[in-house]
Amino acid sequence: LSAAVLKNGTIVRESEKGIVLFDYFSEKIIIPAGAINSEVNYIYSDQSDNLWLKQRHGVMFFEKTEKGWKKKGIFLNEYVITEMVQDKEGGMWFGTTDNGILYSPSQKVLSYFHKTAFLSGESYCITGDKTGNIWFGLGGNKIGIIGNGMQKNISLNTKERDSPFRILDILSRDDGSMW
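Please read all numbers here as calculations on a predicted model, not as lab measurements.

*Asks:* Any details on the pairing of strand 9 (residues 81-86)? Residues and values, ideally.
*Replies:* For strand 9, the buried fraction is high: six of the six residues fall into the buried class. Relative to strand 10 (residues 92-96), strand 9 is paired through five bridges, and the arrangement is antiparallel. Counted as the bridge partner of Ile81 is Thr96 from strand 10. With antiparallel pairing between neighbouring strands as the criterion, strand 9 and strand 10 make up a hairpin whose turn holds five residues, including Gly90 at a positive phi of roughly 100 degrees.

In structure tokens, the structure reads:
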């Protein structure tokens, strides 16, 4: 089951009932199962506690309102999304299995997504660092970094030069180091 943490520390998770607020003793349904048209593989809570539900193809977006969460739409249906992250300016970054990185500059412009040319192909994970850079785990022993006016690919050296691996996870530590 997928889960995310809201700004106030509350856990939001998937259940057979839908998306629920979870406090170890009870569950409160916030998005009923009927409002979700397929299995949820990943839940992402952005800076405004909006919820992004990754499905087999595309993402569902639920905007946080005073009365709860309101479905705003389903986006990127033609893509298999691997992961998503919001940058410090509020833009959303989406990794895909075969179409590189997709970017939306704002939740107010969700109809506009564009591919980033220098990060094409496979993207397996995305994370942000303390300075606002976005890091992407790519295929072929590569990491991509965007932010603070730069774009670069880093090739990692491995002993197995004939078998390039995929970067499946990048950890941003409290001390600012990236693993």
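*Asks:* I'd like a rundown of the sheet that holds strand 6 (residues 51-54), residues and numbers included.
*Replies:* Overall, antiparallel pairing links the four strands, which are arranged 5-6-7-8 in an open sheet. The sheet is open, and its two borders are formed by strand 5 (42-45) and strand 8 (68-75), each paired with just one other strand. The mean angle between the axes of side-by-side strands here comes to 20 degrees, regardless of whether they run parallel or antiparallel. Bridge count between strand 7 (residues 59-65) and strand 8: seven bridges; the pairing is antiparallel. Bridged to Phe61 within strand 8 is Gly73.

*Asks:* I'd like to hear about the pairing of strand 5, residue by residue, with values.
*Replies:* As paired elements, strand 5 and strand 6 share four bridges and run antiparallel to each other. The residue of strand 6 that forms the bridge with Tyr44 is Trp52.

*Asks:* Lay out the sheet that holds strand 15 (residues 142-147) with the relevant residues and their values.
*Replies:* Taking strand neighbours across the sheet as the criterion, the four strands line up as 13-14-15-16 in an open arrangement whose pairing is antiparallel. Strand pairing shows two members of the sheet lacking a second neighbour, strand 13 (123-128) and strand 16 (150-155), which therefore form its edges. Sheet twist, expressed as the average angle between the axes of neighbouring strands with direction ignored, equals 20 degrees.

*Asks:* Give me the lowdown on a nonpolar patch on the surface, citing residues and values where you can.
*Replies:* Together, Ile154, Leu156 and Phe165 give the surface a local cluster of nonpolar side chains, amounting to about 200 Å² of exposed area. Checked against the element boundaries, Ile154 lands in strand 16. On the basis of relative accessibility, which here comes to 30%, the residue Ile154 falls in the partly exposed class.

*Asks:* Talk me through the nonpolar core; I want residue IDs and the actual numbers.
*Replies:* It is characteristic of soluble globular proteins that their nonpolar side chains tend to be buried jointly. The biggest cluster of nonpolar side chains holds 21 residues, and the ones touching the most others in it are Trp52, Val59, Leu76, Met84, Trp93, Phe94 and Phe136. Looking at this core, the elements that each hand over two or more residues are strand 7, strand 9, strand 10, strand 11 (101-104) and strand 14 (134-138). Not counting residues within four places of it along the chain, the set of residues in contact with Val59 comprises Trp52, Leu53, Lys54, Gly73, Ile74, Phe75, Ile81, Met84 and Phe94. In this structure, Leu6, Val12, Ile36 and Ile43 belong to the second largest nonpolar core, which totals 14 residues.

Cut-offs and rules
Residues numbered from 1 in each chain as written. Predicted model: local features only at pLDDT ≥ 70, side-chain atom pairs only at ≥ 80, totals over all residues. Heavy atoms only, no water. Buried < 20%, exposed > 50% of the residue type's maximum accessible area, 1.4 Å probe, protein only. Helix = DSSP H or I, 4+ residues; strand = E, 2+ residues; numbered from the N terminus. Pairing = 2+ DSSP bridges. Axes fitted to C-alpha atoms, helices over the stretch in contact; angles between N-to-C directions. Patch = residues over 30% accessible without salt bridge, like charges linked within 9 Å, V, L, I, M, F, W, Y side chains within 5 Å. Areas by Shrake-Rupley, 256 points an atom, 1.4 Å probe, with all protein chains shown as cover. Salt bridge = Lys/Arg side-chain N within 4 Å of Asp/Glu carboxyl O. Core = buried A, V, L, I, M, F, W, Y, C linked by side-chain atoms within 4.5 Å. Contact = heavy atoms within 4.5 Å.

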